Amino acid sequence: MMLQIPEFLSKAEVSQMRQLLAAGEWGDGRATVGPQGAQVKQNRQLPVDSPLARQLGEYILQKLYQHPQFLAVALPYRTVPPLFNSYSGGEHYGLHVDGAIRILPGSTLSLRTDVSSTLFLTEPDDYDGGELQVLDTYGAHEVKLPAGDLIVYPSSSLHQVKPVTRGERVCSFFWTQSMVKDDQQRAMLFELDRTIQALRQQVGDSTEVLSLTGHYHNLLRQWAQL
């Protein structure tokens, strides 16, 4: 499932991050993809080992693992440190599927990419094009969000970033291995969790709400892969 998380970062946080990124040393975005992806990828990225990328990525990760909505939809087990990219002057990233396995930088640990996330750091009016287009069984979905908003979607989806024909599009992006591998199961758990939270607001911790909560945790216990 796809989910927009509005105002993941405040406008002040985005502004400060953009100021720091403006002074970064950007490199060729093809450095982080294989031969197939390199054929359709034209953008710039902060190097994976950049101190600035590590600093800003750690900040995003800290907020990520404190955000109730992200925790509920992704059920994260492990997340790749966020990367940062920039598109301008017609740069784009053609149709592709994210690699199934990523190595955590600076370690021998790997993770399975279940959930992809893009954090927008540029306002939509500041650039033309640059839509994130995600294709699934329900068709094509184009995403171009306000600065500070986060979009979360299955890593198994075919997707692309359309050419940026005016201005600059700056984003952070990263992958998460979920405790629940199956996207449909994650979606059901997310909807059940939302229902439980809504009922708690209406009737408190009634016997029925406690029963549903028990079902949620028993399903998570059954489906989780740790």
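Residues numbered from 1 in each chain as written. Predicted model: local features only at pLDDT ≥ 70, side-chain atom pairs only at ≥ 80, totals over all residues. Heavy atoms only, no water.

1. Quick word on a nonpolar patch on the surface
- A grouping of Leu95, Val97 and Leu158 is seen on the molecular surface, where their side chains present a nonpolar patch of about 230 Å² in accessible area.
- On the basis of relative accessible area, Leu95 is assigned to the partly exposed category, the value being 42%. (Patch = residues over 30% accessible without salt bridge, like charges linked within 9 Å, V, L, I, M, F, W, Y side chains within 5 Å. Areas by Shrake-Rupley, 256 points an atom, 1.4 Å probe, with all protein chains shown as cover. Salt bridge = Lys/Arg side-chain N within 4 Å of Asp/Glu carboxyl O. Buried < 20%, exposed > 50% of the residue type's maximum accessible area, 1.4 Å probe, protein only.)

2. Focus on the UniProt feature "binding site: Fe cation" (unreviewed entry) in the protein chain
- Using the residue numbers shown here, the UniProt feature "binding site: Fe cation" (unreviewed entry) corresponds to His96, Asp98 and His159. Across 64 residues of sequence, these annotated residues stay compact in space, with a maximum C-alpha separation of 8.6 Å.
- Tracing the sequence through the fold places His96 in strand β7 (residues 92-96).
- Once residues lying within four places of it in the same chain are set aside, the contact partners of His96 are Ser157, Leu158, His159 and Gln160.
- Among the polar contacts made by the side chain of His96, one reaches the main-chain carbonyl oxygen of Gly94 at a distance of 2.7 Å.
- On the secondary structure map, His159 appears in strand β15 (residues 158-161).
- Note on His159: relative accessible area 3%, which makes it buried.
- Once residues lying within four places of it in the same chain are set aside, the contact partners of His159 are Gly94, Leu95, His96, Val97, Asp98, Leu132, Gln133, Val134 and Tyr153.
- A distance of 3.3 Å separates polar atoms of two side chains, one belonging to His159 and the other to Asp98. (UniProt positions renumbered as here; feature names shortened; annotations may be inferred. Helix = DSSP H or I, 4+ residues; strand = E, 2+ residues; numbered from the N terminus. Contact = heavy atoms within 4.5 Å. Polar contact = N/O pair within 3.5 Å; in protein donor to acceptor, adjacent residues only side chain to side chain.)

3. Regarding the packing of aromatic side chains
- Inspection of the entire model under this criterion finds 1 aromatic pair.
- Between Phe173 and Trp175, the aromatic rings sit 5.6 Å apart at their centres with planes inclined by 90°, giving edge-to-face as the arrangement. Of the two residues, Phe173 and Trp175, both sit in the buried class.
- Geometry around Tyr127 places Lys144 over its ring, the cationic atom sitting 4.3 Å from the centre. (Phe/Tyr/Trp six-rings, centres within 6.5 Å; stacked < 30°, edge-to-face > 60°. Lys NZ or Arg CZ within 6 Å of the ring centre and 35° of its normal.)

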